Amino acid sequence: MFSSEGQGADAMPEILIGSVKGPAGTAYANLMGQTEGHTRMFAIRACNQQVRPATLMVPKVTIKSTAYVNLFGGPVQSAVADAVLDSVIAGVIPADQANDLCIIAMLWIAPECATNPDLDRKDSYRTNYVAMKLAISRAISNSPSVEELITNRHKIVHEMYDPETGESQW
């Protein structure tokens, strides 16, 4: 999900949804330990309001500043939590399965966003909210299908690298 012009707050969540009793649950439990610079956070809507399915947010970038923590634990955490809950409300995630599932969300925030005095935190919320809802919908519906991936194998290239030219697409 692209941010507004000049913001650089594009959102690219990569998620795993699965049973707490299966491999996703094992991965979730293993990620609960902290490592320096990669603090994990639960998706919460407010203190004592952790969303269901339980969602663990994992930063893709090493956290080096309080400003980054405030962005990750502010608009991004709020957006992810709201997207998860709204996905349950909309029936994308069946409510009767919400306590049996867990989500791991690996999240990208460009490091320069944290110290950008002109960063629009509402836009950061928007991009992360929309991207997370889309990622959840795709994960639950198994989209893209294996057939679609095979069909598009030579039609779609990665946005950041073209294997034909060896160059960035951006």
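For the structure itself, look to the data block above.
The written sequence of each chain sets the order in which its residues are numbered from 1. It should be noted that, the model being predicted, local features are given only for residues of pLDDT at least 70 and side-chain atom pairs only at 80 or more, the latter also being counted only at that level, while totals for whole chains, interfaces and linings use all residues. In computing side-chain properties, one takes all heavy atoms of the structure into account and sets aside hydrogens as well as water.

Engineer: Go over unusual backbone geometry, please, and point to the residues and values.
Structural biologist: Put simply, R52 and P53 share a cis peptide bond, and its omega is -5 degrees. Structurally, P53 is set in the loop between β2 (41–42) and β3 (54–59). Here the residue pair S143 and P144 is connected by a cis peptide bond, since its omega of 5 degrees sits within 30 degrees of zero. We note that N142 has phi near 55 degrees; this positive angle belongs to a residue other than glycine. With respect to the helices, strands and loops of the structure, N142 is situated in the loop between α4 (121–140) and α5 (146–151). Burial classes follow relative accessibility: with a 1.4 Å probe on protein chains only, a residue under 20% of its type's maximum area counts as buried, one over 50% as exposed, and anything between as partly exposed. Under the relative-accessibility criterion, N142 is labelled exposed at 61%. In this text, helices come from DSSP runs of H or I with a minimum length of four residues, and strands from runs of E with a minimum of two, each type numbered from the N-terminal end.

Engineer: Got a sec to walk through the side chain of D82? Specific residues and values, please.
Structural biologist: Locating D82 in the fold gives a position in helix α2 (residues 66–89). Every residue in contact with D82, bar those within four places of it in the chain, is listed here: R45, Y125 and Y129. Pairs of residues are marked as contacts when any of their non-hydrogen atoms sit within 4.5 Å.

Engineer: Describe the sheet that holds strand β4 (residues 101–107), listing the residues and the values that go with them.
Structural biologist: Taken in spatial order, the 4 strands line up as β1-β4-β3-β2 in an open sheet, and their pairing is mixed. The sheet is open, and its two borders are formed by β1 (14–19) and β2, each paired with just one other strand. Each pair of strands is called paired provided DSSP finds at least two bridges between the two strands. Note that β2 and β3 share 2 bridges and pair antiparallel. Residue M41 lies in a different strand from β3, and its bridge partner there is M57. To get an axis, a line is fitted to the C-alpha atoms, and for a helix only the part in contact is used. The angle between two axes follows their N-to-C directions and goes from 0 to 180 degrees. Together, β1, β2, β3 and β4 form the strand contacts of helix α1 (residues 23–31), whose direction differs from that of β4 by roughly 55 degrees. Along the sheet, α4 makes contact with β1, β3 and β4, crossing β1 at roughly 45 degrees.

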